[in-house]
Amino acid sequence: MRRTYILASMLALLAGVPAKADKVLDAFSAKAAASYVDFNYSFSVKADVPLSGKGTGSVKGGSYHVTGSGLDIWCDGKNRWTVDKAAKEVIIESLEGYEDAFAVNPALFLTDLSASFKEVSASESVFHGKTYHCVTLAPKVSGSITELRIYFSGNDIKGASMKSKDGTVAEFELSDVKFTNTEKAFTFDVKALDKTWVITDLSDF
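What counts as what
- Residues numbered from 1 in each chain as written.
- Predicted model: local features only at pLDDT ≥ 70, side-chain atom pairs only at ≥ 80, totals over all residues.
- Heavy atoms only, no water.
- Helix = DSSP H or I, 4+ residues; strand = E, 2+ residues; numbered from the N terminus.
- pLDDT = per-residue confidence, 0-100.
- Contact = heavy atoms within 4.5 Å.
- Salt bridge = Lys/Arg side-chain N within 4 Å of Asp/Glu carboxyl O.
- Buried < 20%, exposed > 50% of the residue type's maximum accessible area, 1.4 Å probe, protein only.

Asks: Help me understand unusual backbone geometry, please; the structure alone is not making it clear to me.
Replies: Leaving glycine aside, a negative phi is the common case for residues, and trans is the common case for peptide bonds. Its identity as a non-glycine residue notwithstanding, K88 has a phi of 55°, on the positive side. Residue position: K88 is located in the loop between strand 5 (79-84) and strand 6 (89-94). The phi torsion at D176 lies on the positive side, around 50°, for a residue other than glycine. The residue D176 is located in strand 11 (residues 169-180) in this model.

Asks: Please explain the confidence of the model for the protein as it appears in this structure.
Replies: Low pLDDT means the predicted coordinates in that region are not meant to be read closely. Per-residue pLDDT for the protein averages 80, and the proportion of residues at 70 or more is 80%. No element of the protein has a lower mean pLDDT than helix 3 (residues 101-104), which averages 47, and none a higher one than strand 12 (residues 198-201), which averages 95. The model gives residues 15-20 a pLDDT under 50, and that stretch makes 18 contacts with residues more than four places away or in other chains.

Asks: Just checking my understanding: could you explain the pattern of salt bridges for this structure?
Replies: Where charged atoms of side chains with opposite charge meet at close range, the side chains can pair. In the structure shown here, the tally under the stated rule is six salt bridges. Here R149 ties to E147 by a salt bridge, and the two come within 3.3 Å at their closest N and O atoms. According to the relative accessible area criterion, R149 is partly exposed, its value standing at 30%. In this structure E147 comes out as buried when scored by relative accessible area, which is 18%. Of the charged contacts in the structure, one is a salt bridge between E147 and K163, with a shortest N-O distance of 3.8 Å. One end of the pair, E147, is in strand 9 (residues 145-153); the other, K163, is in strand 10 (residues 156-164), and 16 residues separate them in sequence. Ionic contacts of the salt-bridge type, sharing partners, join the residues E147, R149 and K163 into one network.

Written out as structure tokens, the structure reads:
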């Protein structure tokens, strides 16, 4: 399940902030809030057990679809389907009732970041060997995420780094970011699966 959290957390890159915040981040956020955002990504996690991977993603409001590291994750804002096609397994979870909503549904960063995070600074910073415009954000209330840095080249988002309370540092790079009006579905149809699949429904717990 840790892979699920890391893949979902990378959606924090698509952050939304108040109009008076950093101009570069604000311009990106306004565009992202009005569009479906598609992208490719790679990530690395610095922890006791390092992780890395790459994949594709799409987000709109509180909904998203992310693929990578052998997982296919769908979320409609209320429920999440984690699909492992190789193992033929699906786990269904409800996102309601969690204290730290951003941890279980990072797509909320797109629409609700200003309610929980504040801008700390904006400056030039080196990320993966290149100098970018960096916006640093911090939570208003203590939670699992302690710091989020988002990197831009001009008005184009390039990546982010995220620190967690347990000391984990996750870094993400984005490429081929596209804003479209093409509608997408963010639910997974388990009824279309045959009997060889294992479906674990935790949404009622």
